[in-house]
Amino acid sequence: MILLGCIADDFTGATDLAAMLVRQGMRAVQVIGVPEPGAPAPDADAVIVALKSRTAPVGEAVGESLAALAWLRAAGCRQFFFKYCSTFDSTDHGNIGPVADALVAALGCGFALACPAFPANGRSVYQGHLFVGATLLNESGMEKHPLTPMTDANLVRVLARQTDGTVGLVGYATVEQGAMAIRHAMTALKEQGRRYAIVDAVSDAHLHAIGQAAETHALITGGSGVAIGLPENFRRAGLLSVREDAGSLPDVAGHAAVLAGSCSRATLFQIGTARAHVPVLELDPLAVPDAAALAREALDWAGGKLGAAPVVIAASATPEKVAALQARLGREAAGALVESALAQIAEGLVARGVRRLVVAGGETSGAVVTRLGVRQLRIGMEIDPGVPWTFAEGGAVPLLLALKSGNFGARDFFLKAFAMQAAP
Ligand code: ADP
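Every value quoted in this text rests on a predicted model; they were computed, and no experiment measured them. (Residues numbered from 1 in each chain as written. Predicted model: local features only at pLDDT ≥ 70, side-chain atom pairs only at ≥ 80, totals over all residues. Heavy atoms only, no water.)

### Some words on the site of the ligand
Logical step 1: Of all residues adjacent to the ligand, which total 18 residues, the nearest are Ser262, Glu339, Gly362, Glu363 and Thr364.
Logical step 2: One nitrogen or oxygen atom from the main chain of Gly362 is found 2.8 Å from an oxygen atom belonging to the ligand.
Logical step 3: Between the ligand and the protein, one listed contact pairs an oxygen atom with a backbone N or O atom of Gly406 at 2.8 Å.
Logical step 4: Bound to the protein, the ligand loses 82% of the 570 Å² it would expose on its own.
Logical step 5: Those elements giving two or more residues to the shell around the ligand turn out to be α11 (319-329), α12 (331-351) and α13 (362-372).
Logical step 6: Broken down by class, the residue content of the shell around the ligand amounts to seven nonpolar, nine polar and two charged. (Near = heavy atom within 4 Å. Polar contact = N/O pair within 3.5 Å; in protein donor to acceptor, adjacent residues only side chain to side chain. Areas by Shrake-Rupley, 256 points an atom, 1.4 Å probe, with all protein chains shown as cover. Helix = DSSP H or I, 4+ residues; strand = E, 2+ residues; numbered from the N terminus. Nonpolar A, V, L, I, M, F, W, Y, C, P; charged D, E, K, R; others polar.)

### Quick word on unusual backbone geometry
Logical step 1: At the junction of Gly94 and Asn95, the peptide bond is cis and its omega measures out at 5° in the coordinates.
Logical step 2: Following the sequence through the fold, Asn95 ends up in the loop between β4 (79-83) and α3 (96-107).
Logical step 3: In this structure, Phe88 takes a positive phi of about 55° despite not being glycine.
Logical step 4: Following the sequence through the fold, Phe88 ends up in the loop between β4 and α3.
Logical step 5: One non-glycine residue, Gln127, adopts positive backbone phi at about 50°.
Logical step 6: As for its position among the elements, Gln127 is in the loop between β6 (123-126) and β7 (129-132).
Logical step 7: By relative accessible area, Gln127 is classed as partly exposed at 36%. (Buried < 20%, exposed > 50% of the residue type's maximum accessible area, 1.4 Å probe, protein only.)

### As for the environment of His217
Logical step 1: Its place among the elements puts His217 in the loop between α7 (204-213) and β11 (219-222).
Logical step 2: Setting aside its immediate chain neighbours within four residues, His217 contacts Gln79, Phe111, Leu113 and Met186. (Contact = heavy atoms within 4.5 Å.)

### A closer look at the nonpolar core
For soluble globular proteins, nonpolar side chains are generally found buried alongside one another.
Logical step 1: Counting residues in each nonpolar core, the largest one holds 126 residues, and the members touching the most others are Val199, Ile313, Ile345, Leu349 and Leu357.
Logical step 2: Formed jointly, this core draws a minimum of three residues from each of two domains, domain 1 (4-236) and domain 2 (255-420).
Logical step 3: When sequence neighbours within four positions are dropped, the list of residues in contact with Leu349 reads Ala257, Leu259, Leu299, Ala302, Leu306, Ile313, Val354 and Leu357.
Logical step 4: If you look at the next biggest cluster of nonpolar residues, it comprises 22 residues, including Ala256, Val278, Ala360 and Val387. (Core = buried A, V, L, I, M, F, W, Y, C linked by side-chain atoms within 4.5 Å. Domains from an automatic or database assignment.)

### Overview of the sheet that holds strand β8 (residues 135-136)
Logical step 1: Strand order in this open sheet of three strands is β6-β7-β8, and the pairing throughout is antiparallel. With partners counted over all chains shown, the strands left at the sheet margins are β6 and β8, one partner each.
Logical step 2: Where β6 lies against β7, four bridges are found, and the strand directions are antiparallel. The residue bridging Ser124 from the neighbouring strand is Phe131, located in β7. (Pairing = 2+ DSSP bridges.)

### Some words on helix α10 (residues 291-302)
Logical step 1: Taking 1.5 Å per residue as the helical rise, α10 with its twelve residues ought to reach 16 Å, and the 16 Å between its terminal C-alpha atoms agrees with that figure.
Logical step 2: Those residues of α10 that fall on the buried side of the exposure criterion are Ala291, Leu294, Ala295, Ala298, Leu299, Trp301 and Ala302. The buried residues of α10 occupy one face: seen down the axis, they fall within an arc of 160°. Along α10, the residues that are exposed and aim more than 90 degrees away from the buried face are Arg296 and Asp300.
Logical step 3: Elements in contact with the buried residues of α10: β13 (280-282), β14 (311-314) and α12.
Logical step 4: With a side-chain oxygen lying 3.2 Å from the backbone nitrogen of Ala292, the N-terminal cap of α10 falls on Asp290. (Expected span 1.5 Å × (residues − 1). Arc of directions from axis to C-beta.)

### A word on the domain arrangement of the protein chain
Interface size, as often reported, equals the accessible area lost upon joining of the parts.
Logical step 1: Annotation of the protein chain at the domain level lists domain 1 (4-236) and domain 2 (255-420).
Logical step 2: Look at where the C-alpha atoms of domain 1 and domain 2 centre, and you get two points 30 Å apart.
Logical step 3: Facing the 19 residues of domain 1 at the interface are 15 residues of domain 2.
Logical step 4: When domain 1 packs against domain 2, the two sides together hide about 1400 Å² of surface, and 58% of this comes from carbon and sulfur.
Logical step 5: For domain 1, the biggest contributors to the area lost against domain 2 are Phe11, Thr12 and Ile32; these three give 32% of the whole.
Logical step 6: In this structure, the connection of domain 1 to domain 2 is made through two salt bridges.
Logical step 7: When the shortest N-O distance is used, the salt bridge between Arg23 and Glu382 registers 2.7 Å.
Logical step 8: Top element by residues in the side of domain 1 that touches domain 2 is helix α1 (residues 11-23). It accounts for eight residues.
Logical step 9: For the side of domain 1 that touches domain 2, the residue count by class is eleven nonpolar, three polar and five charged. (Buried area = accessible area lost by both parts, 1.4 Å probe. Salt bridge = Lys/Arg side-chain N within 4 Å of Asp/Glu carboxyl O.)

### Section: α13
Logical step 1: Within α13, the full set of buried residues consists of Thr364, Ser365, Ala367, Val368 and Val369.
Logical step 2: On its buried face, α13 is in contact with α1, β2 (28-32), β12 (255-260), α12, β15 (354-360) and β18 (400-404).
Logical step 3: Looking one or two places after α13, you find Gly373, whose phi comes out positive at around 70°.

### Considering the pattern of salt bridges
Logical step 1: Within the structure shown, the criterion is met by 21 salt bridges.
Logical step 2: Close ionic contact of Asp92 with Arg161 constitutes a salt bridge, the shortest N to O distance being 3.1 Å. Taken together, the residues Asp92 in the loop between β4 and α3 and Arg161 in the loop between α4 (155-160) and β9 (167-170) connect sequence positions 69 residues apart.
Logical step 3: The exposure class assigned to Asp92 is partly exposed, which follows from its relative accessible area of 44%.
Logical step 4: Exposure remark for Arg161: the relative accessible area of 39% places this residue in the partly exposed category.

Laid out in structure tokens, this is it:
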């Protein structure tokens, strides 16, 4: 029986939420895009539908979210979760408000809490204001985000601009008093006709209390942090057994590889650290601006080296090199060329017996997963916070994947990943 049905507005955000639920003892499966109506539900306690709706046109984001909700309802979920970024990434037009409005209306619940806080990652909400570390959201760098510039840290105002409903606040003083006080405050706001409550949280204890207070809510909205208290509600209700093995995945034999398309600092460090231990190939898309030729070169290079220890194939480059390719091809074409090359390499590696694959880069992961035809990931244990091993279900061959958003993971991430998931 699926207890919690989640709709995430992007791919790595979905994985982040799934990893949180696994850590709290729920077996979780992430599905990529909305499954066909009537498609069988995965065997899991929580299912997360990963959409790409964060910056999609509003109508499309609403439509996809409602389709995901309809599928999750048909699968029998008892409670629903709308996951967005812990920096509340959105504009005055959406998509958080319009999507939440549509979900509240479809569920007929009239009210939902909104809490992006994730204190463990430095995101806290105080008096309705979102902080990133010690700075207000609108001074954190997020005010310069290319797609969703966050120029106001007051989430009551931010959400109010995106909805035709009204927004209240459950402030710190109430949250400090615990679950009962939070529940009463939310009920009072609902009775006053508020559709949303921004709920303060500056600690995990607050998030646990908020989760408990929302036990009977049909819909909860927020970052992955506020999901921390939900599994305990299901256990208390006798619906979820205590599981030590929520993140266990099948053993998979076969070769190991890393594909890197992220140019973030963390990924560049991770490649540098791996270089002392395993073979690393750096692709040069500026010298060979042809995806098929780059893929051939990489697969020829990898041929004799594949085994239990990983090979690393990286397009990742310094900002200067990235800028040079972008100047020649244009930004989008440069990205598409590299993504296509890495996706073809992934396909070639799997054909050559690779069964444990780490991919670095959000867009890169999307391209690889699409090319491999992966639709469903069972979520395993985290390698580093927010990045779990996953098992691709329903594919032609058994395959373990770790899909890493560029900036995630410690310096030894690649080595750690394969130490954790060694061939049986
Ligand atoms: P992150 O998670 O760090 O944002 P992404 O994979 O989402 O990583 O984005 C990185 C982008 O950079 C991808 O579109 C990738 O194809 C592109 N890229 C990777 N290497 C190069 C390169 N050498 N030159 C130009 N673009 C590159």
